[in-house]
Every structure is written in C-alpha cells, then in structure tokens.
Amino acid sequence: MSGFDKDVFNYIEENSMLSPGDGVIIGVSGGADSVCLLRLLIEYRDKLADKCSCQRNEALCIRVIHINHMIRGKEADRDQSFVEEICRNMDIEYTVHSKDIPAMAKETGLTEEEAGRQFRYECFEDEAWKLEQELHHIYEFTSGKNRPDFLQKKAHFVRIAVAHNKNDLAETVIYNMVRGSSLTGLAGIKPVRGRIIRPLLDSSRVDIEGYLAEIGQDYVTDSTNLVDEYTRNKIRLSIMPVLNEINEGAVDHIVEIAGDLSRLARDTESEINELLNSADYISRKKNVRMETVKKWGDEGREIEKEVCDSISIPIDRLKEMRSFAAGEVILISMENVCGRRKDITRKHINSIFALTEKDTGKHVDLPYDMYAEKNYDSIIIRRNSFKQEDLMDVNDVTLKGRIEISRFPYSEGTDISKKEYTKMIDCDKIKSVPVLRTMNKDDYIVVNSEGGTKKLSRFLSAQKIEKNLRDSIPVVADGDEIIWVVGYRLSERYKVTPDTKTVMRMDYISSENDPSS
C-alpha cells in the first residue's frame, strides 16, 4: 500500500465514512478524480474483506453510476464507453443515466451547471435507494451462523461517494466568498453530509494524478473543464493559478482556513441550537407545514421540507449571541420560511441584523418573496401574503400614484408598449418582490445590455432633475435594483426579449388622474 492509499483510507476511517457491510454508489465521470476514487474504494473493499474474512461484495457492495449529460456529443459517448469498460474489467456493476441537460436547463430556467447537478444527485439518490432495498433483502433472508457478525447485527447503510478533492474545496471557498457567504459557507465542502461522502477531500489534484500514473490507470478529460464559460471553471483556470503564483501553498492555506471555520461552526452550534430549540423560538413559527421546495447543492432535487409563513426572533436573545452565531440563527430562520439557502448572502443577513437598531415598522426586502420587519422587541421574517399578480405594494405615503399590473404569456408579435407611464417586463427576471416606492441611497439601475450599472442618484442627476425633487419620483424596485424609474427609464435587465415566456405589464396611475380616488 502506497502512502497515498494509506492517507485516503485513514481519512475515510477518521470521518466514519464507511463500515463493513455498507453499500456505496460511486459517481464516475471518467475523469481523473472519479477514476481514482473508484480504484481506491475497490482497494479499500478488498482490504476490508481480508480483515473481516468475508467476500468482497459483503465487505463493501460497490455500484458505479455514470451520467451522460448529452452536452459534448461524441466526447460524452466516449466517456460513457470508457467508464463501462473500466467497470467490466473490474467486475463492478454499473448504471448509465442519460439526460439532455441543455434542454432541461432551458425548460426549468436553470443554468446548465445547476440542471446537471440536480439531475446527477436525483440519479445518485434513486440508485442508493435501490441498493438499500437489495442489501436489506440479501441480508434479511440469507443471514446465518456462518456469516460474519457485522452482516447479521447492523443496519446496512448505502453511501454516495463523490470525488471532490482539496482543490475543489479551495475553489468552493473562493466561490462562496465572492458570492457573499456566511462563515459556514466559507467552511466549504464537508467530508460527510447525510449519505454523501467525499473520501478524496483531503487529497490534492496532483496527488490524485500521481497515484493514477503509479498504478498505470488512464482516464479521460472533459473538454468543458478547459474553458471558462462556467463560474467554477473561471475560478479554477484564472484565479487559482494566480494565487498559486503568489504562494505555491495557496490551496493548502485556504483549506486550513476552511477547517478552522468548520471547527468554529461546530463550537458555536450548541449556542445556536439552544435558541432554535427553545420553546420561545418554536412558538414564534407560524403556520408550520411540509412543502415541496427545490433544494440545490449536494441534494440537487425537489424535497419535502418543513417551512412556515413567518417567524419572529427575539432581539434581546439575538444581541446576546456572538455575531457568527447570530448570523447563523438569521440564516436558519430565513431557510425555515423559504425552505432553501441558495442566493441568501451575507448582505441579506446583515440587513436583517441592522433592523435591531431601527425603529419599529422598518423592513427590508429579501429573496424568495420574503421580507423582514422590526416589531418592537423582535425581528419578524415572513413571506409576502399577496400573490404574484398583486406584487406591487406602495410603501411610501408620499407617493401620489399607484401601479396596476397584469400578466400574460409572451409570443412573437406581442405589442410591447412604449408609452411613458406603461412598461412591460420579463416576469422571470424578477428576483424578489417588486415594490413601488421612492429612492433609497443604495439604489442602482442597469443601463446597458452588457449589464453596466449606474447609481440611481447619478442617473437622476444626469437627467438634470433638481435634487429636492428626486425623492418624490416613483420607482419600481427589485430590492436595491431599479426596474423602472417611472416616467424616465426602464432597466435594461428586465426588458422583454425573444426568450421571454411571461410578460408583466405595469401601468402607473397618478392619483390626480385616478378615477377610483
């Protein structure tokens, strides 16, 4: 056994990833990381079999799953054939799942990265469930006095092994940092999460490729990993090389920081749970129920999750906590309401905590149709009760008008109004809850098709609007981003395009001309 093998096996055992009698689903793409993972787990299986004096498949029942994303044509077919040949040569059962990921992404509105991840983990979970049933049947009906004790006495778990390595961990930390993650997010990828295990997480890409060269095992290269069209590829191909030039130990140092943050998260977990499990906190969750939500990340699938319409956090308890713990309580509370964490950033958490020093009634808009409000001695996080067709909400009594809206499917030839006080936007581009209000200091608007932005105050100045009049101009806002400066400009981001599916029409009705007033 080489030093590399031993290090990986020790990592598996230190993190309690696998036990004799378990099943393991291995995702194998054909690339270096996943091929290395397969070869090591086969070796680990054989080591367990010798140690336990049992058959290899009794020690560890291995199944391979390969996903053909149908993105790279003949190259994808090549990868599939390569994985199939490895499995046949090593007498490993395998399953291939194919999916037109570009079509799925277009249909669901996801990026190809997100769609591929969702489909992969759906397949992993399905195969894990099937293997679980198979093992249960085998061990329930074939147990006997001649079988090893571990096969007769324990539940037979099925794990999903994925090939994330130390470099992936460092890249994830950078990615989460750029997105504005909490400290937990900066801890990066966990070695074990539910049934998912990552035996190579403490191994570098160099070590992995060195091991494959040592045992004479070839692998294939995914050409999409060599172009910077995807976010993570940009980090891998452009950012990490620069960091390694600055310090060749950059990856190790980032991983060490992630480890420190992970330990910090564990140390404060009891403080967080003390509040979350208190009767006071639980009683403040209103209309708790199970709801189907889209859960991205490791699970990558629709799941049933407990959510509630609103939750209030006692301000005095929040202020007593360390800032990291308080931030986690806010993040978990938001997840309790909307059922997910994706796209919830440090900015949102900080804006909610800032409400503790604001006057009663102050509020902030949040993703997933949520908002947070200061209410005397608590912060209330809730979903907006109105539906999408009633999105606009006047929150400023100084406004002298209102918005009427309607929605309808978009088709080629639809008349897109160019009237000054009527605008049409792409519904699917709305990120939170559009609000009719006046200007805030952080407001900005997208001013060109490349995504360039301009502070709203500078835009109004360029329109030669007197400073004392700017605060009375109505705007339709999506958080801090302006959709429409009423009477002046529509944001480039929200404009209707040939890809638009649903149009929202907004009509601004001045109270002076409003027949209903």
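Values in this document were obtained by computation on a predicted structure and should not be read as measured data.

K.L.:
Now, about the overall build of the protein chain: what can you tell me, with residues and values included?
P.N.:
Scanning the protein chain from N- to C-terminus turns up 18 helices and 22 strands. For the protein chain, buried positions account for 48% of its 517 residues. A sequence separation of at least 24 residues applies to 69% of the contacts in the protein chain between residues at least 6 apart. Summed over all atoms, the accessible surface of the protein chain reaches about 26,500 Å², with 47% contributed by carbon and sulfur.

K.L.:
Account for unusual backbone geometry, naming residues and giving values.
P.N.:
The backbone phi angle of Ser16 is positive, close to 50°, even though this residue is not glycine. Within the secondary structure, Ser16 is located in the loop between α1 (3–14) and β1 (22–27). One non-glycine residue, Asp369, lies in the positive phi region at around 60°. Looking at where Asp369 falls in the secondary structure, it is placed in the loop between β11 (363–366) and β12 (370–375).

K.L.:
Can you break down the sheet that holds strand β22 (residues 502–510) residue by residue, with the values?
P.N.:
Spatial strand order, β14-β22-β15: three strands in an open sheet with antiparallel pairing. The open sheet is flanked by β14 (401–409) and β15 (422–426), the only strands paired with a single partner. Recorded for the sheet is a direction-independent mean angle of 25° between the axes of neighbouring strands. Taken together, the nine bridges between β14 and β22 define a ladder with antiparallel strand orientation. Among the inter-strand pairings, Pro409 is bridged to a residue of β22, identified as Thr502.

K.L.:
Give a detailed account of helix α2 (residues 32–52), specifying residues and quantitative values.
P.N.:
When the terminal C-alpha atoms of α2 are compared, their 30 Å separation across 21 residues agrees well with the 30 Å that a helix rising 1.5 Å per residue should span. Within two residues after α2, Ser53 carries a phi angle of roughly 55°, on the positive side.

K.L.:
Lay out the pattern of salt bridges in plain terms, naming residues and giving numbers.
P.N.:
If you walk through the whole model with that rule in mind, you get 30 salt bridges. A salt bridge links Arg63 to Glu134; the nearest nitrogen and oxygen atoms lie 2.6 Å apart. Residue Arg63 is found in strand β2 (residues 60–68), and its partner Glu134 is found in helix α6 (residues 112–141); the two are separated by 71 residues along the sequence. With its nearest N and O atoms 2.8 Å apart, the salt bridge here joins Asp507 to Arg505.

K.L.:
Which residues make up the pairing of strand β13 (residues 378–383), and what values go with them?
P.N.:
Looking at chain direction, strand β10 (residues 310–314) and β13 are connected through five bridges and run antiparallel. Within the sheet, the bridge partner assigned to Ile313 lies in β13 and is Ile379. Of the strand pairs in this sheet, β12 and β13 are connected by six bridges, and their pairing is antiparallel. By the bridge assignment, Asn375 is partnered in β13 with Ser378.

K.L.:
Provide a residue-level description of the sheet that holds β11, including the pertinent values.
P.N.:
The five strands lie next to each other as β7-β10-β13-β12-β11, forming an open sheet whose pairing is antiparallel. Strands with a single pairing partner mark the edges of an open sheet, and in this sheet they are β7 (285–286) and β11. Two elements, β7 and β10, share two bridges in a ladder whose sense is antiparallel. For Lys285, the partnering residue across the bridge sits in β10 and is Ile311.

K.L.:
Give me the environment of Asp222: which residues, what numbers.
P.N.:
Among the structural elements, Asp222 can be located in the loop between α10 (205–215) and α11 (231–246). For Asp222, a relative accessible area of 22% gives the class partly exposed. In this structure, the C-alpha to C-alpha distance between Asp222 and Arg72, residues 150 residues apart in sequence, is 8.7 Å.

K.L.:
Give me the lowdown on α1, citing residues and values where you can.
P.N.:
For an α-helix, 3.6 residues make a turn, and residues three or four places apart therefore share a direction. Under the 1.5 Å per step criterion, the end-to-end length of α1 is 16 Å for twelve residues, consistent within 8% with the ideal 16 Å. Of all the positions in α1, only Phe4, Asp5, Val8, Phe9, Tyr11 and Ile12 are classed as buried. Projection of α1 onto a plane perpendicular to its axis shows the buried side chains occupying an angular sector of 155°, all on one side. Turned more than 90 degrees away from the buried face of α1 sit Asp7 and Glu14, all of them exposed. Elements that come into contact with the buried residues of α1 comprise α2 and α10. Directly after α1, the chain includes Ser16, whose backbone phi takes a positive value near 50°.

K.L.:
If you had to explain the packing of helix α12 (residues 250–276) against helix α15 (residues 323–338) to someone new, which residues and values would you point to?
P.N.:
Axis separation between α12 and α15 bottoms out at 9 Å; the angle between their running directions is 60°. As the angle between them shows, α12 and α15 are arranged oblique. Considering how the two elements wind past one another, α12 and α15 form a crossing that is right-handed. Here Leu264, Ala265, Thr268, Glu271, Ile272, Leu275 and Leu276 of α12 lie close against α15, whose contacting residues are Phe324, Ala325, Glu328, Val329 and Ile332. In terms of residue class, the contact of α12 with α15 is made up of nine nonpolar, one polar and two charged.

K.L.:
Quick rundown of the side chain of Arg63? Include the residues and the values.
P.N.:
A residue is classified by how much of its surface remains accessible, and Arg63, at 12% relative accessible area, is buried. Not counting the four nearest positions on each side in its chain, Arg63 is found in contact with Val24, Ile25, Ile26, Glu93, Leu131 and Glu134.

K.L.:
Give me the lowdown on the pairing of β11, citing residues and values where you can.
P.N.:
On β11, burial follows the alternation: Val364 and Leu366 on one face are buried, whereas His363 and Asp365 on the facing-out side are not. Pairing between β11 and β12: four bridges, direction antiparallel. By the bridge assignment, His363 is partnered in β12 with Glu373. Between β11 and β12, which pair antiparallel in sequence order, lie three residues; one of them, Tyr368, sits at a positive phi of approximately 60°.

K.L.:
With reference to specific residues and values, describe the confidence of the model for the protein chain.
P.N.:
Put simply, the protein chain has an average pLDDT of 83, and 87% of its residues get 70 or more. For residues 296–301, every residue scores under 50 in pLDDT, and the model assigns this stretch 26 contacts once sequence neighbours within four places are set aside. Confidence drops under a pLDDT of 50 for residues 385–397, and excluding neighbours within four residues, the segment shows 34 contacts in the predicted structure.

K.L.:
Lay out the packing of aromatic side chains in plain terms, naming residues and giving numbers.
P.N.:
Applying the stated rule across the entire model yields four aromatic pairs. Geometrically, the ring pair formed by Phe4 and Tyr211 is tilted, given 5.3 Å between the ring centres and 40° between the ring planes. On the criterion of sequence distance, the pair formed by Phe4 in helix α1 and Tyr211 in helix α10 is long-range, its members being 207 residues apart. Here Phe4 and Tyr211 have matching classes, each one buried. Seen from the ring of Tyr368, Arg340 lies directly overhead, with NZ or CZ sitting 4.9 Å from the centre.

Conventions used here
- Residues numbered from 1 in each chain as written.
- Predicted model: local features only at pLDDT ≥ 70, side-chain atom pairs only at ≥ 80, totals over all residues.
- Heavy atoms only, no water.
- Helix = DSSP H or I, 4+ residues; strand = E, 2+ residues; numbered from the N terminus.
- Buried < 20%, exposed > 50% of the residue type's maximum accessible area, 1.4 Å probe, protein only.
- Contact = heavy atoms within 4.5 Å.
- Areas by Shrake-Rupley, 256 points an atom, 1.4 Å probe, with all protein chains shown as cover.
- Pairing = 2+ DSSP bridges.
- Axes fitted to C-alpha atoms, helices over the stretch in contact; angles between N-to-C directions.
- Expected span 1.5 Å × (residues − 1).
- Salt bridge = Lys/Arg side-chain N within 4 Å of Asp/Glu carboxyl O.
- Arc of directions from axis to C-beta.
- Parallel < 35°, antiparallel > 145°, perpendicular 65-115°, else oblique.
- Left-handed = near helix turned anticlockwise from the far one by under 90°.
- Nonpolar A, V, L, I, M, F, W, Y, C, P; charged D, E, K, R; others polar.
- pLDDT = per-residue confidence, 0-100.
- Phe/Tyr/Trp six-rings, centres within 6.5 Å; stacked < 30°, edge-to-face > 60°.
- Lys NZ or Arg CZ within 6 Å of the ring centre and 35° of its normal.

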